[in-house]
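Examination of the molecular architecture
Here is how the chains run, residue by residue.
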Amino acid sequence: MDPTAGDVLRMYLAEQSNAFLAQLPRLRQDKPEAAHKLRVACRRTRSVLRTYRPLLDADWADGLSEQISALTDVIAPERDIEVVRERLLGALEQYGTEDSGVLRAHTLLDRMLGKDYAAAHDATLSALAGPDFHALADRIALAPQAVATGDGVLGESAERVLPPLVRAEFAQVAKRAAAVDQHGPDEAWHRLRISAKRARYAAEVCVPVIGIPAEAFASQLSRITEELGQQQDAAVAGDIVLRAAQSPRIATSTGFVLGRLLGESRAEIARSRRSFPDLWTSATAPSYRAWFAEEVR
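Here's what I pulled together on the structure shown here. (Residues numbered from 1 in each chain as written. Predicted model: local features only at pLDDT ≥ 70, side-chain atom pairs only at ≥ 80, totals over all residues. Heavy atoms only, no water.)

Along the chain, the regular secondary structure elements total eleven helices and zero strands. The secondary structure elements of the chain, listed N-terminal to C-terminal, are α-α-α-α-α-α-α-α-α-α-α. The dimensions of the chain, computed from C-alpha atoms along their principal axes, are 70 × 45 × 25 Å. Looking at the chain as a whole, 47% of its 297 residues are labelled buried. Considering only intrachain contacts with a sequence separation of at least 6, the fraction spanning at least 24 residues in the chain is 78%. Counting 37 positive and 40 negative side-chain charges, the chain places the centres of these two groups 4 Å from one another. (Helix = DSSP H or I, 4+ residues; strand = E, 2+ residues; numbered from the N terminus. Buried < 20%, exposed > 50% of the residue type's maximum accessible area, 1.4 Å probe, protein only. Contact = heavy atoms within 4.5 Å. Lys, Arg positive; Asp, Glu negative; His and termini not counted. Charge placed at Lys NZ, Arg CZ, Asp CG, Glu CD.)

Structure below.
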């Protein structure tokens, strides 16, 4: 018997629930990548609740989604600071260690980001100790069972029911991709990345029933999100550098080095945006989208 839409959604939610619960002790112990992996499980869970909301109890899906969003708003900065710290300090190390401006810039950024990370980590630990988090953990653990069995459309063939919702999600990505501008604000490109991730996760849900076509489409969307992720990291790094440059009594040589870092970040963003149309055309070719029918242009 073919799996139903409910079967597939329960299986995907169970995978994310297990991934979420596995990271809790690791996060409390400050293990590498724990915050990132927990955040990914949250993001995937929230994405499936959003994309497949028409099949689910709307109040339940919206309530759980809001709880997840509140948690990720708290834990996201910790991972973001880790990434930008590695990026900026690594770039400075490439400049060499003999220039006094480089050394001062390294010290300034290391101290500033160290304080930011400590504050973010404390906020994460505080959130994990609170009653709201424990309530969320219970809801995520029980999420697979909350998907009704054989209830209406959830009892129908997953191969028939799920792909149209992937198509609808991808239509939003295509709309955002058409609207971004090479010289536009970073936020518009960041929203495009978020939308592309949702479509990617929506496709991943379908892999057990669609197989290679859904997997290939998700892989192509991953190319897009990875490139846009590099662009977002560069934008965040640029914001951090600007904040560092506003420090009082900064030396001219330090300001020069920070200006160089900022210029390199903006140059990377410009390069990414120039190359994006070719990447988009390649990654979203009609052959990758044939399985969810009705051409999206």
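After presenting the structure, the write-up continues.
A few words on the nonpolar core. By size, the foremost hydrophobic cluster in this structure holds 66 residues, and its most contacted members are Phe20, Tyr52 and Leu162. For this core, the element with the highest residue contribution is helix 8 (residues 186-210), accounting for twelve residues. If near-sequence neighbours (up to four positions away) are discounted, Tyr52 is found in contact with Leu9, Leu162, Leu165, Val166, Ala202, Val205 and Cys206. Listed in part, the 22 residues of the second largest apolar core include Val84, Leu108, Leu109 and Ile240. (Core = buried A, V, L, I, M, F, W, Y, C linked by side-chain atoms within 4.5 Å.)

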